[in-house]
Amino acid sequence: MRTDDIQLQVSSDPRLLGVVRGVIQVWLEVCGLVPDRRHEVVLAVDEACSNAIRHAYEGRTDESVELVLSASEEWIEITVSDQGTPCPSECSEYRPMVKPDERELVPGGLGVKLIHEVFDEVRFCPGTTDGNCVTMRLHRTAKHEVGSED
Amino acid sequence: MRIETTKTADETIITVEGDIDLYSSPELRTSVLKAVPKAKTGVGIHLGGVTYMDSSGVATLVEGLRSAKENGKNFALVAPSTSVMKVLELARLDSIFEVRPA
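All residue numbers here refer to positions counted from 1 along the written sequence of the relevant chain. Written order determines the labels here, with chains lettered from A and ligands numbered from 1. For a predicted model such as this one, the threshold for reporting local features is a pLDDT of at least 70, and the threshold for listing and counting side-chain atom pairs is 80 or more; totals across whole chains, interfaces and linings nevertheless cover every residue. No hydrogens and no water enter the side-chain calculation; it runs on all heavy atoms of the structure.

(A) Main features of the packing of aromatic side chains. Stacked, edge-to-face and tilted labels apply to pairs of Phe, Tyr and Trp rings (six-membered ring for Trp) whose centres lie within 6.5 Å, assigned for plane angles under 30 degrees, over 60, and everything in between, in that order. If you walk through the whole model with that rule in mind, you get one aromatic pair over all chains. Criterion for a charge above a ring: Arg CZ or Lys NZ at most 6 Å from the ring centre, at most 35 degrees from the ring normal. Note that Arg-137 of chain A overlies the ring of Trp-75 of chain A, its terminal NZ or CZ placed 4.0 Å from the centroid.

What follows is the structure, encoded as structure tokens:
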């Protein structure tokens, strides 16, 4: 961890996802991200936490989800990890977001696609007996920063 | 999240306010899937007061649309908030739904 990193540990209870979103939102504001990008990043991190609860912990609410928030002048990085059942590698594979044919419309499977859509770099740790983790990095460019239009 | 279901002469309107996420979307799913087959001509989901929606909310709307097609009913999103539209655009699903103002 870097000295100004933030580490959060939260129960795998879906009721607490709103709290996590609030913390990320404020942290991104402190980092200086523009509101549009803040919303996207909050969404993608929420999806990673939801996946840990739904898939790794299969809905158990008394387990633990851990987040590390880290920022430099070049990037913003968030890692979400769990100690649940390792998810199959095909669940984390990059599949580009395409407009689906209406006949192929199926609910679900969107979370990982959204994570890839929002972040510039996404690394899933290989599934091991120790759970799962995903590290998501956003490259900071002028268009993401508050005040860049001045 | 708060949900209110009202009926007009021929349409059922489900008004949603607050955050739609993994915690709250099952309740919305239940309301939508219950309302669709019983609606006279169709269902409108009023999303003007939705402050946040995740992929489980998107999946719920997709399920509602599918159910409406199977039941020969209309399915529309009414006055969706910018937060809702942003997620649908990211998911490339914004053009799948009929969207109309309030």
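The structure having been displayed, the exposition proceeds.
(B) Up close: the packing of helix H2 (residues 35-56) of chain A against helix H3 (residues 82-90) of chain B. Interaxial angle, 0 to 180 degrees, is taken between N-to-C directions of lines fitted to C-alpha atoms, where a helix line uses only the stretch in contact. Each helix is a run of H or I in the DSSP string that is no shorter than four residues. Each strand is a run of E no shorter than two, and both are numbered from the N terminus. Where H2 of chain A meets H3 of chain B, the closest approach of the two axes is 11 Å, and the angle between their N-to-C directions is 65°. Classified by the angle their axes make, H2 of chain A and H3 of chain B are roughly perpendicular. In this structure, H2 of chain A crosses over H3 of chain B, and the sense of that crossing is right-handed. Contacts between H2 of chain A and H3 of chain B involve Asp-36, His-39, Glu-40 and Leu-43 of chain A from the former and Ser-83, Lys-86, Val-87 and Leu-90 of chain B from the latter. The residue classification treats Ala, Val, Leu, Ile, Met, Phe, Trp, Tyr, Cys and Pro as nonpolar and Asp, Glu, Lys and Arg as charged. All others, Gly included, are polar. In the contact of H2 of chain A with H3 of chain B, the residues fall into three nonpolar, two polar and three charged. Angle categories are assigned with fixed cut-offs, so that under 35 degrees is roughly parallel, over 145 is roughly antiparallel, 65 to 115 is roughly perpendicular, and the rest are oblique. Each crossing is labelled by how the near helix is turned from the far one, with a counterclockwise turn of less than a right angle marking it left-handed and a clockwise turn marking it right-handed. The contact rule is simple, with two residues in contact once any of their heavy atoms fall within 4.5 Å.

(C) Structural context of the sheet that holds strand S4 (residues 74-78) of chain B. Residues and elements named next belong to chain B. Here, a strand pair is defined by DSSP locating no fewer than two bridges between the strands. Across the sheet, five strands lie side by side as S1-S2-S3-S4-S5; this open sheet has mixed pairing. At either end of the open sheet lies a strand with only one pairing partner, and these are strand S1 (2-7) and strand S5 (98-100). Averaged over neighbouring strand pairs, the angle between their axes works out to 25° when direction is ignored. Both S4 and S5 contribute to a ladder of three bridges, which runs parallel. Bridge assignment links Leu-77 to a residue of S5, and that residue is Val-99. Of the strands in this sheet, S1, strand S2 (11-20), strand S3 (42-53) and S4 touch helix H1 (residues 25-38), which is tilted by about 175° from S2. Of the strands in this sheet, S3 and S4 touch H3, which is tilted by about 100° from S3.

(D) Main features of the sheet that holds strand S4 (residues 121-124) of chain A. Residue and element names in this part refer to chain A. Across the sheet, which stays open at both edges, the five strands sit in the order S1-S2-S3-S5-S4 with antiparallel pairing between neighbours. Edge positions in the sheet fall to strand S1 (6-11) and S4, since each has one partner strand and no second. Between one strand and the next, the sheet's axes are offset by a mean angle of 15°, whatever the strand orientation. For strand S2 (residues 64-71) and strand S3 (residues 75-82), the ladder comprises seven bridges, and the chain directions are antiparallel. Bridge pairing in S3 links Leu-69 to Ile-78.

(E) Structural detail: the packing of helix H1 (residues 17-31) of chain A against H2 of chain A. Residue and element names in this part refer to chain A. Where H1 contacts H2, the two axes come as close as 9 Å, and the packing angle between them is 145°. In the packing of H1 onto H2, the handedness of the crossing is right-handed. Contacts between H1 and H2 involve Leu-17, Val-20, Arg-21, Ile-24, Gln-25, Leu-28 and Glu-29 on the former and, on the latter, Arg-38, Val-41, Val-42, Val-45, Asp-46, Cys-49, Ser-50 and Ile-53. Of the residues in the contact of H1 with H2, the class split is nine nonpolar, two polar and four charged.

(F) Geometry of the interface of chain B and chain A. Taken together, the contact pairs 24 residues of chain B with 29 residues of chain A. Summing both sides of the interface, chain B and chain A together bury roughly 2,300 Å²; the carbon and sulfur share of this comes to 65%. Reported buried area values correspond to the accessible surface (1.4 Å probe) lost by two parts on association, with both partners' losses combined. Three residues stand out in chain B for area buried against chain A, namely Leu-22, Tyr-52 and Leu-90 of chain B, and they jointly supply 27% of the buried area on that side. For this document, the term salt bridge refers to a Lys or Arg side-chain nitrogen within 4 Å of an Asp or Glu carboxyl oxygen. Summed over the shared surface of chain B and chain A, the number is five salt bridges. The partner of Asp-21 of chain B in a salt bridge is Arg-21 of chain A, with the nearest N and O atoms 2.9 Å apart. Pairs of N or O atoms are called polar contacts if they sit within 3.5 Å, as long as, within protein, a hydrogen donor faces a hydrogen acceptor (for residues adjacent in sequence, only side-chain-to-side-chain pairs). At the boundary of chain B and chain A, one finds seven residue pairs in polar contact (both at pLDDT 80 or more). No other element matches the eight residues that helix H2 (residues 55-70) of chain B contributes to the side of chain B that touches chain A.

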